[in-house]
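Read off the chains here:
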Amino acid sequence: MKLQRMNRRALTLGALTVSGALALTACGSDDTTRGGDGGEKTVANSNIKCDEAKGDIKASGSSAQKNAIDAWVKEYVATCKDARIDYNPTGSGAGITAFLQGQTAFAGSDSALDADEITESKKVCKDSQAVNLPMVGGPVAVGYNLPGVDDLVLDAETLGNIFNDKIKSWDDPAIKKLNPDADLPKLKVQSFHRSDDSGTTDNFTEYLNTAAPKAWPYEPAKAWAGKGGQSAQGSSGLAGQVKQVEGAITYFELSYASSDDIPTVKLDTGAAEPVEATVDNASAAIAAGKVVGKGSDLSMELDYATKADGAYPIVLVTYEIACEKGNKAETLGATKSFLTYMASEEGQNVLKANDYAPIPTEIITKVRETVANLS
């Protein structure tokens, strides 16, 4: 079983950038917001503890968790009226860079910090270092736009060849073999990938390289390495492209498919039945992962080659990345308060309502303990 590399596996730390207007509406970032107008689903609760939460908290990073962040922010600022959270979904790579430069209170990333980044974080986290806190889980769905085809099955090898520009038409024999009853059109395959450094790309290519290394021989990374295809900024950019371009196929978090009514691929993993991208099926895969970080660091390893029935293998864990110690006094109170809410039972309940997977109990309990001790 090939396990997730530590420098790629970290869950996205909620990329948040504080702004009064954004905090009140949970929108206004550069990635299309699906929440400020009521598009996100919240879970009513009265257990948010504001403590000393006040002021503007800036954070940025993963666009994968943006819809979850929108829902969290809407609930949080309704209770903690002295704090303002502005989430800027710039992508995992940009979020980590901003955090390491001391521009944000915490970062969101779909890949954990690697060893070099941990070392670099010691310049920002006085007498300490950054820790990876898995906060959001979920499936990376493969969305497509294929008129007349509402049920599509693909496997890792076929996906690898599609995204590596080897399969160019939807009536290709490899696709027909997996979908003998589908009326596949003779239509050009239009694959789309992220233009920005992305933890979602990292996790998606980790799956391709693990499950089909011949079809996808590239080292998994935040930057796209495949041949051909077209690019778009952020998960919302990919969703917009696949929505309007016939023959399009791309990858993004399930919430983007749900929000835009985009059909998603079922995966032939070798299990008894093809596996659908659902929250429960992703949870089954995440629960099989394990924490490999040391001390308070909770970076995880995931198994992308699982053949277990009902386990959807293309999953990501988004980490919130924060200083274990040495946080700025003016942002510590609100940062701890908001992260505490995100990791709480109420906060995790928000995830499933928005097509994300809650973090398994054993792991989220450790996250709560670490957040409580941030200083």
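Scroll up to find the structure this text is about.
What counts and how
- All residue numbers here refer to positions counted from 1 along the written sequence of the relevant chain.
- This being a predicted model, a pLDDT of at least 70 is required before a residue's local features are given, and a value of 80 or more before pairs of side-chain atoms are given or counted; all residues contribute to the totals for chains, interfaces and linings.
- With hydrogens and water stripped out, all remaining heavy atoms of the structure feed into the side-chain values.
- Two cysteine sulfur atoms make up a disulfide if the distance between them is within 2.5 Å.
- Labels follow the DSSP assignment, with helices taken as runs of H or I lasting at least four residues and strands as runs of E lasting at least two, numbered in each case from the N terminus.
- Here's how the labels work: a residue is buried when its accessible area is under 20% of the maximum for its type, exposed when over 50%, partly exposed in between, all with a 1.4 Å probe on protein chains only.
- Any two rings among Phe, Tyr and Trp, with Trp reduced to its six-membered ring, count as a pair given centres within 6.5 Å; such a pair is stacked if its planes are under 30 degrees apart, edge-to-face if over 60, and tilted if neither.
- One bridge is not enough; two strands pair if DSSP finds at least two bridges between them.
- Every axis corresponds to a line fitted to the C-alpha atoms, with the helix fit spanning only the stretch in contact, and the corresponding angles, defined between N-to-C directions, vary from 0 to 180 degrees.
- Contact criterion: two residues are considered in contact whenever any of their non-hydrogen atoms come within 4.5 Å of each other.
- Every angle not falling under 35 degrees, over 145, or within 65 to 115 is termed oblique; those three ranges are roughly parallel, roughly antiparallel and roughly perpendicular.
- Under the grouping applied here, Gly and all other residues not named as nonpolar or charged are polar, the nonpolar ones being Ala, Val, Leu, Ile, Met, Phe, Trp, Tyr, Cys and Pro and the charged ones Asp, Glu, Lys and Arg.
- We define a salt bridge as a contact between a side-chain nitrogen of Lys or Arg and a carboxyl oxygen of Asp or Glu at a distance within 4 Å.

As enumerated under the stated definition, the model contains 2 disulfides in all. Disulfide partner of C50: C80, at an S-S distance of 2.1 Å. In this structure, the disulfide formed by C50 and C80 twists by about -95° around the S-S bond and is classed as left-handed. Of this pair, C50 sits in the loop between α1 (20-25) and β1 (55-61) while C80 is found in the loop between α2 (66-79) and β2 (83-88), placing the two residues 30 residues apart along the sequence. Here C80 falls in the buried class, since its relative accessible area comes to 2%. Put simply, C125 and C323 are joined by a disulfide, and their sulfur atoms are 2.0 Å apart. Taking the torsion about the sulfur-sulfur bond, which here is approximately -75°, the covalent link between C125 and C323 counts as left-handed. Of this pair, C125 sits in the loop between α4 (115-121) and β4 (130-144) while C323 sits in strand β12 (residues 315-323), and the two are 198 residues apart along the sequence.

What follows is about the packing of aromatic side chains. Inspection of the entire model under this criterion finds 9 aromatic pairs. Ring plane angle 25° and centroid distance 6.4 Å describe the contact between Y76 and Y341, whose orientation is recorded as stacked. Of this pair, Y76 sits in helix α2 while Y341 sits in helix α11 (residues 329-343), placing them 265 residues apart in sequence. Residue classification places Y76 among the buried residues on the basis of a relative accessible area of 0%. Ring geometry for W216 against W224: centres 5.1 Å apart, planes inclined by 55°, an arrangement best described as tilted. For W216, a relative accessible area of 1% gives the class buried.

We now examine the sheet that holds β2. Taking strand neighbours across the sheet as the criterion, the 8 strands line up as β2-β1-β3-β12-β4-β8-β6-β7 in an open arrangement whose pairing is mixed. Single-partner strands in this sheet number two, and they are β2 and β7 (230-232). Strand-to-strand twist across the sheet, computed as the mean angle between neighbouring axes with direction ignored, equals 25°. Lying on the sheet, helix α10 (residues 279-287) is in contact with β4 and β12; it crosses β12 at an angle near 65°.

It is at 4 Å that the axes of α11 and helix α12 (residues 345-353) come closest, and there the two elements cross at 60°. Judged by the angle between their axes, α11 and α12 are oblique. When α11 is examined against α12, the residues Y341, M342 and A343 are found in contact with a partner set consisting of E345, E346, G347, Q348 and V350. Classifying every residue of the contact of α11 with α12 by side-chain character gives 4 nonpolar, 2 polar and 2 charged.

It is worth spelling out the pairing of β4 at this point. On a regular strand, each side chain points to the face opposite its neighbour's, so the side chains alternate between the two faces of the sheet. In terms of burial, β4 is a largely internal element, 15 of the 15 residues being buried. Bridge count for β4 against β12 is 9 bridges, and the pairing is antiparallel. Counterpart to P134 in the pairing with β12 is Y319. As paired elements, β4 and strand β8 (residues 248-253) share 5 bridges and run antiparallel to each other. Bridge pairing links V140 to E253 in β8.

What the rule picks out here adds up to 6 salt bridges. When the shortest N-O distance is used, the salt bridge between D56 and R84 registers 2.5 Å. Within this pair, whereas D56 is found in strand β1, its partner R84 is found in strand β2, the two being separated by 28 residues in sequence. Note on D56: relative accessible area 38%, which makes it partly exposed. Judged by relative accessible area, which is 30%, R84 ranks as partly exposed. Close ionic contact of D151 with K266 constitutes a salt bridge, the shortest N to O distance being 3.7 Å. Linking D151 in the loop between β4 and β5 (153-155) with K266 in strand β9 (residues 266-268), this pair joins segments that are 115 residues apart in sequence. The class for D151 is partly exposed, based on a relative accessible area of 45%.

Most of helix α3 (residues 92-100) sits out of view: 7 of its 9 residues are buried. For α3, the full list of buried residues reads S92, G93, G95, I96, A98, F99 and L100. Against β1, β3 (106-109), α4, β4, α7 (199-211) and β12 lie the buried residues of α3. In the stretch just after α3, G102 is the one whose phi turns positive, near 75°.

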